[in-house]
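Listed below are the residues making up each chain.
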Amino acid sequence: MTIAATAIPLSGTQDGTLKYVSVGGLELEAGGFLPEVVLAYETWGRLNADASNAVLVEHALTGSTHVARGESDEEGWWEQLVGPGATIDTDRYFVVSVNIVGGCYGSTGPSSSAPDGKPWGSRFPLVTLRDSTIAEARLADALGIHSWHTVVGGSMGGARALEWAVSYPDRVKRCAVISIGAYSTAEQIAFAQAQTLAIRQDADFKGGDYYGQAAPEAGLALARRIAHITYRSADELDFRFGRNAQGGEAPLQAAALGDRGRYQVESYLDHQGRKLVQRFDANSYIAITEALMSHDITRGRGSLEDALSVATAKFFVASVDSDRLYFPEQSHELAKALPGEVPVHVIEAPIGHDGFLTEIGQLGPQLREAFFG
Ligand SMILES: CC(=O)SCCNC(=O)CCNC(=O)[C@H](O)C(C)(C)COP(=O)(O)OP(=O)(O)OC[C@H]1O[C@@H](n2cnc3c(N)ncnc32)[C@H](O)[C@@H]1OP(=O)(O)O
Ligand SMILES: N[C@@H](CCO)C(=O)O
């Protein structure tokens, strides 16, 4: 788990390494105040003289700022799209990726120190995606970027991109919204609530004040299991695992011996849960999940068409055909409500929502033609 940094001025120029900027206090949409917000970010490439080549890549729920390789050779999560010679060519574009407020990849979050020197823990306030966008606009100011050539993201990253285009119409020239609709639906909120409750009901959660003690790992792993099922399609799970037992474990036969054993798919979900526990903070998981629950581009802005009418960016909308969490219909609803004719591009992937990570390369030619030619 990465603990958020304390305030450090804008620093560093190396590609693909963490840098930090202090963006000051943040008055929050839902009330409350974060006195000193630090954003962690990475950059690739160089900003040109008129600052017209800056691209903001927004990460998804448990993503980090590490979109592509850099000084370290650690693999990035969107390398099919971003890098030297790639669609978002870091030899031509200045690419920025910022850890969302509330996260645990360097930006101010629940594990950061509050003014009293203790971790925020249970005191960390609700920070909506709109609040995060305001903080990110201050990072853009600090980097000398008035308007982004493009803001792009998938899933929660897509929600963040859309929020940018509507909150700051004059600062976003192009906007790519992938695998997300204009708002979190009742079902998406429902899945999210089950995840946050899984963490809150872990005895180690202690209302969120567990730092320095055992972390609510079982709750976080359960949250990830619930989430991961929604990230993958039923067909993929059937194809990969069927009703098979894991290794020598035989669920029904073993049950008679008092050891239930596991189906393969259970073992797979156990693995996904364990992996997230090793890299993520439970309070951050709740903070960001609740930020995503708050995603609603229309809040305080009238109808969907009214809300989107202020955006002046050129839009690119895409979805994964087998996504059962962020259904393609929601991308169609968004595209239809956007000003002008906006088609919905399709990632063909049998695996479901996670196709926006594993198969993002499919959108390369279309994105290149639309935005990066
Ligand atoms: C550290 C960071 O910065 S993370 C930030 C970037 N990441 C993200 O944004 C998203 C987080 N990651 C993910 O959501 C997913 O890992 C993805 C979508 C990127 C990858 O998906 P896929 O490549 O399809 O991998 P898949 O979901 O099939 O998982 C494969 C893993 O399951 C394991 N697995 C497969 N079958 C089983 C089984 N029966 N029992 C136990 N484990 C199993 C594999 O061994 C593999 O393990 P590994 O990841 O430790 O190597
Ligand atoms: N696998 C993705 C899914 C959320 O869109 C993540 O963990 O961020």
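Scoring rules and cut-offs
- Residue positions within a chain follow its written sequence, with the count starting from 1.
- The order in which chains are written sets their letters, starting at A; the order in which ligands are written sets their numbers, starting at 1.
- Local features in this predicted model are restricted to residues whose pLDDT is 70 or higher, and side-chain atom pairs enter the listing and the counts only when it is 80 or higher, whereas totals over whole chains, interfaces and linings include all residues.
- Side-chain descriptors were evaluated using all non-hydrogen atoms of the structure, hydrogens and water having been removed beforehand.
- UniProt positions are given in the numbering used here, feature names are shortened, and annotations may be inferred rather than shown by experiment.
- Under the DSSP-based scheme used, a helix requires at least four consecutive residues in state H or I and a strand at least two consecutive residues in state E, with every element numbered from the N terminus.
- Two residues form a contact once any of their heavy atoms are found within 4.5 Å.
- A simple rule labels every residue: compare its accessible area, found with a 1.4 Å probe on the protein chains alone, to the largest value its type can have, and call it buried under 20%, exposed over 50%, or partly exposed in between.
- Strand pairing is assigned whenever DSSP identifies at least 2 bridges connecting the two strands.
- By convention, orient the strands away from the viewer: a clockwise path from the first strand over the helix to the second makes the crossover right-handed.
- The split into domains, and so the bounds of each, comes from an automatic or database assignment of domains.
- Buried area: the accessible area, evaluated with a 1.4 Å probe, that two parts lose upon being put together, summed over both parts.
- Take a side-chain nitrogen of Lys or Arg and a carboxyl oxygen of Asp or Glu: if they are within 4 Å of each other, that pair is a salt bridge.
- We define a polar contact as two N or O atoms separated by no more than 3.5 Å, with the added condition that, inside protein, one atom must be a possible hydrogen donor and the other a possible acceptor, whereas residues neighbouring each other in sequence contribute only through side-chain atom pairs.
- We call Asp, Glu, Lys and Arg charged. Ala, Val, Leu, Ile, Met, Phe, Trp, Tyr, Cys and Pro are nonpolar, and the rest, Gly among them, are polar.
- Between the first and last residue of a helix there are one fewer steps than residues, each counted as 1.5 Å, and that sum is the expected span.
- Residues are counted as near a molecule or strand when any one of their heavy atoms sits within 4 Å of it.
- Only the protein chains shown count as covering a residue, and every accessible area follows the Shrake-Rupley method with a 1.4 Å probe.
- Scored from 0 to 100, pLDDT reflects the predictor's confidence in each residue.

Going by an unreviewed UniProt entry, the protein carries the name Homoserine O-acetyltransferase and comes from Arthrobacter bambusae. The UniProt entry for the protein carries this comment under Pathway (unreviewed entry): "Amino-acid biosynthesis; L-methionine biosynthesis via de novo pathway; O-acetyl-L-homoserine from L-homoserine: step 1/1."

Draft legend 1. How the structure looks around the environment of I189. For I189, the location among the structural elements is in helix 3 (residues 186-200). As for I189 and L292, which are separated by 103 residues in sequence, their C-alpha atoms are 8.5 Å apart. Setting aside its immediate chain neighbours within four residues, I189 contacts S184 and M293.

Draft legend 2. Structural context of the pairing of strand 9 (residues 150-154). The buried fraction of strand 9 is high, at five of five residues. Across the two faces of strand 9 the burial is the same, with T150, V152 and G154 and V151 and G153 all buried. Direction of pairing for strand 5 (residues 54-58) relative to strand 9: parallel, over a ladder of four bridges. Residue pairing for strand 9: V57 is matched across the bridge by V152. As defined by bridge partners, strand 9 adjoins strand 10 (residues 174-178) across four bridges and the pair is classed as parallel. Bridged to V152 within strand 10 is A176. For the handedness criterion, the β-α-β arrangement of strand 9, helix 2 (residues 156-167) and strand 10 is classed as right-handed.

Draft legend 3. Structural detail: the domain arrangement of the protein. What the domain assignment reports for the protein is domain 1 (19-184 + 296-372) and domain 2 (189-290). Measuring from the centre of the C-alpha atoms in domain 1 to the corresponding centre in domain 2 gives 27 Å. The partner domain 2 presents 27 residues to the 25 residues of domain 1 that form the contact. Between domain 1 and domain 2, roughly 2100 Å² of surface is buried when both sides are summed, and carbon and sulfur atoms account for 59% of that area. Taken as a group, L61, T62 and R324 account for 28% of the area that domain 1 buries against domain 2, more than any other trio of residues on that side. Connecting domain 1 to domain 2 are one salt bridge. For D354, the salt bridge identified is with R232, shortest N-O distance 3.1 Å. Summed over the shared surface of domain 1 and domain 2, the number is 13 residue pairs in polar contact (both at pLDDT 80 or more). Its residues assigned to classes, the side of domain 1 that touches domain 2 shows 13 nonpolar, ten polar and two charged.

Draft legend 4. Geometry of helix 7 (residues 264-279). Helix length check: helix 7, at 16 residues, gives a terminal C-alpha distance of 23 Å against a target of 22 Å (1.5 Å per residue), a fit within 8%. Considered for burial, the residues of helix 7 that qualify are S267, Y268, L269, D270, Q272, G273, L276 and V277. Tucked inside the fold, the buried residues of helix 7 contact helix 4 (217-231), helix 5 (234-241) and helix 8 (282-293).

Draft legend 5. Structural context of the side chain of S294. Looking at where S294 falls in the secondary structure, it is placed in the loop between helix 8 and helix 9 (304-309). What makes S294 buried here is its relative accessible area of 11%.

Draft legend 6. Structural context of the site of ligand 1. Close to ligand 1 lie 21 residues, the nearest being R240, S267, Y268, H271 and K275. Within the side chain of Q246, one N or O atom sits 2.9 Å away from a nitrogen atom of ligand 1. Between Y268 and ligand 1, the recorded distance is 2.6 Å, taken from a side-chain N or O atom to an oxygen atom. Protein coverage of the free-state accessible area of ligand 1, which is 1000 Å², stands at 64%. Considering each element in turn, the shell around ligand 1 owes the most residues, seven residues, to helix 7. Residue composition of the shell around ligand 1, grouped by class: five nonpolar, ten polar and six charged. Among the domains, domain 1 (19-184 + 296-372) and domain 2 (189-290) are the pair contributing at least three residues each to the shell around ligand 1.

Draft legend 7. Here's a closer look at the confidence of the model for the protein. Looking at the protein, the pLDDT average stands at 94 and 95% of residues meet or exceed 70. Here residues 1-11 is modelled with pLDDT under 50, and outside its nearest four sequence neighbours on either side it reaches 34 contacts, counting other chains as well. Our summary of model confidence lists the complex with pTM equal to 0.95 and ipTM equal to 0.92.

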